[in-house]
Amino acid sequence: MVQALGFVGLGIMGQAMAKNLYGDEPLTVYNRTRERTRALQEMGAMVVDTPRQAASASQICFIMVSNDEALRQVILGEDGVLAGMSQGSIVVDHSTVSPAITKELGGLAKTRGVFWCDAPVTGGDVGAQNATLTVMAGGEALAIERIGPYVARMSQRLVHVGALGQGQTMKLVSNLIGGLNLMAAAEGLSLGLAAGLSVEALEAVLPNGTAASFELQKILDRHRSQDFAPGFSVENRYKDLDLAVELARQLGQLVPLGETALDVFGRHRARGYSKLDESSYLKGWER
Ligand code: NAP
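Residues numbered from 1 in each chain as written. Predicted model: local features only at pLDDT ≥ 70, side-chain atom pairs only at ≥ 80, totals over all residues. Heavy atoms only, no water.

Caption draft 1: A look at the pairing of strand E6 (residues 115-118). By the alternation rule, side chains of E6 split into Phe115 and Cys117 and Trp116 and Asp118, which are all buried. Of the strand pairs in this sheet, strand E5 (residues 90-93) and E6 are connected by 4 bridges, and their pairing is parallel. Across the sheet, Ile90 pairs through a bridge with Phe115, a residue of E6. For the crossover that starts at E5, traverses helix H6 (residues 99-111) and ends in the parallel E6, the hand is right-handed. (Buried < 20%, exposed > 50% of the residue type's maximum accessible area, 1.4 Å probe, protein only. Helix = DSSP H or I, 4+ residues; strand = E, 2+ residues; numbered from the N terminus. Pairing = 2+ DSSP bridges. Right-handed = clockwise from strand over helix to strand, strands pointing away.)

Written as C-alpha cells, this is what we have:
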C-alpha cells in the first residue's frame, strides 16, 4: 500500500494531472519554476526545492517534463529523483521522450532497485484537466499493476503496451499520426477558404465525414477563436515529429510524410511560433 506520492513537473499537463492525482495520500511536488506550484500548494500539497526531495518523500514519483534534456535534469545528479528513491519504489514517467533515454534511465533505476514505467499520455490538455487521458505504459507488469489505481485518477484508460521503452515508442507512433493529421487539416481548411467555401460549410461537412479527426476539430476550433495560447506547443509537436523520424531512421524504416512534416513544421517553428499552440501552424497558411 502506497503511503505517499510525488510529482515532478507542473507545466500545462503536469499541473492538471497532479491536481487529479491528489487524493488521500500526502502529495509532494516540485517544479523548476516555483510559481507554478502555487495552485497545488493551496490544495494542500507539500512543495519542495529539489526533485530528490519529492522522490524521497514518496513511494511512487510521477514525472511530466518537456523532453530528454529536462528528464535528464530532474532524474540525475545529487538533487535528482534517482538520488531520492528508495528500493522497491516506482518512477512513472508521463513525459514524451525518446525510447533510448527511457532505456538508459530505466536501466539505471533498476540497478538501484527502483522500477521505471514509461507512461506517456494522449488526450491533450483538455484530457489532462478532465482525467480522460489514455496512458500507454512500458515496463514490468508488477509495477504497472501497482500504479494502476493512481493513474486511474488522471486517465480513463491505462494500456500496458510492452517492455521498458515501448510506451514511448507507442507515443511516437501516435504523435506521428496526430502531427500529420494536424498539418493536413490546416492545409485542407486553408484550401477550402481560398476557394471560396464558407467556414460554416466547412465546419458542417468536414467533422462529419471521412476527414474527421481530433486534430481537424482542434484546427476548426482554433481558427474560429483565433486563440493560439498553448495547449500543446509548437515546440513539443516539433520535438515529437523529430523523435518519430529519428526512431524510423534507427530502424531503417521509411517515413516520407514524417520527414516532410518535420521539415515544413520546422520552418513554422523557426518563424518564432515555438511557444504558441501547434494549431498556430494555420497562421503560416495565412501568410
Ligand atoms: P510545458 O507546459 O512546457 O511543461 C514542461 C514542464 O517541464 C514544466 O514543468 C517545466 O518547468 C519542466 N521543464 C522543462 N525543462 C526543464 C528542465 N531543464 N529542468 C526541469 N524542469 C524542466 O509542457 P506540457 O504541455 O505540460 O508538456 C509536458 C510533456 O507532456 C511533454 O513531453 C509533451 O510532449 C507531453 N504531452 C503534452 C500534451 C499537451 O497537450 N500539452 C499532451 C500529451 C503529452 P518550468 O515550469 O520551470 O518551465
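Next comes the rest of the write-up.
Caption draft 2: Structural detail: the nonpolar core. Grouped together as the largest cluster of nonpolar side chains are 33 residues, with contacts concentrated most on Phe7, Met17, Ile60 and Phe62. When residues of this core are traced back to their parent elements, those giving at least two are strand E1 (5-8), helix H1 (12-21), strand E2 (27-30), strand E4 (60-63), E5, E6, strand E8 (133-138) and helix H8 (141-151). Among residues more than four places away in sequence, those in contact with Phe7 are Gly14, Met17, Ala18, Leu21, Leu27, Thr28, Val29, Tyr30, Phe62, Met64 and Met154. Judged by nonpolar contacts, the second largest core, of 26 residues, contains Val234, Val255, Tyr273 and Leu282. (Core = buried A, V, L, I, M, F, W, Y, C linked by side-chain atoms within 4.5 Å. Contact = heavy atoms within 4.5 Å.)

Caption draft 3: Layout of the domain arrangement of the chain. Segmenting the chain into domains produces domain 1 (5-162) and domain 2 (170-286). If you average the C-alpha positions of domain 1 and of domain 2, the two centres end up 28 Å apart. Taken together, the two surfaces of domain 1 and domain 2 that pack against each other cover about 990 Å², and 70% of this comes from carbon and sulfur. On the surface where domain 1 and domain 2 come into contact, there are 0 salt bridges. Linking domain 1 with domain 2 are 3 residue pairs in polar contact (both at pLDDT 80 or more). (Domains from an automatic or database assignment. Buried area = accessible area lost by both parts, 1.4 Å probe. Salt bridge = Lys/Arg side-chain N within 4 Å of Asp/Glu carboxyl O. Polar contact = N/O pair within 3.5 Å; in protein donor to acceptor, adjacent residues only side chain to side chain.)

Caption draft 4: Examining the site of the ligand more closely. In the neighbourhood of the ligand, 25 residues make up the surrounding shell, with Asn31, Thr33, Arg36, Gly231 and Lys239 lying closest. One nitrogen or oxygen atom from the side chain of Asn31 is found 2.6 Å from an oxygen atom belonging to the ligand. Backbone polar atom of Val65 to an oxygen atom of the ligand: 3.2 Å apart, as the coordinates give it. Considered on its own, the ligand offers 910 Å² of accessible surface; in the complex 89% of this is hidden by protein. The two domains that each donate at least three residues to the shell around the ligand are domain 1 (5-162) and domain 2 (170-286). (Near = heavy atom within 4 Å. Areas by Shrake-Rupley, 256 points an atom, 1.4 Å probe, with all protein chains shown as cover.)

Caption draft 5: Region of interest: the pairing of E8. Extensive coverage of E8 is indicated by the burial of 6 of its 6 residues. Of the two faces of E8, the one holding Leu133, Val135 and Ala137 and the one holding Thr134, Met136 and Gly138 are both buried throughout. Both strand E7 (residues 121-122) and E8 contribute to a ladder of 2 bridges, which runs antiparallel. In the sheet register, Thr122 faces E8, and the bridge partner there is Thr134.

Caption draft 6: A look at helix H4 (residues 68-75). Three or more residues of H4 are buried, namely Leu71, Val74 and Ile75. One side of H4 carries all its buried residues, which in axial view fall inside an arc of 95°. Opposite its buried face, H4 presents the exposed residues Glu69 and Gln73, each directed more than 90 degrees away. Just past H4, the residue Gly77 takes up positive phi, approximately 85°. (Arc of directions from axis to C-beta.)

Caption draft 7: Structural detail: the packing of H4 against H6. At their nearest, the axes of H4 and H6 sit 10 Å apart, and the two run at 10° to each other. On the basis of the axis angle, H4 is roughly parallel to H6. Side by side, H4 and H6 meet where Asp68, Leu71, Arg72 and Ile75 of the first sit next to Ile101, Glu104 and Leu105 of the second. Classifying every residue of the contact of H4 with H6 gives 4 nonpolar, no polar and 3 charged. (Axes fitted to C-alpha atoms, helices over the stretch in contact; angles between N-to-C directions. Parallel < 35°, antiparallel > 145°, perpendicular 65-115°, else oblique. Nonpolar A, V, L, I, M, F, W, Y, C, P; charged D, E, K, R; others polar.)

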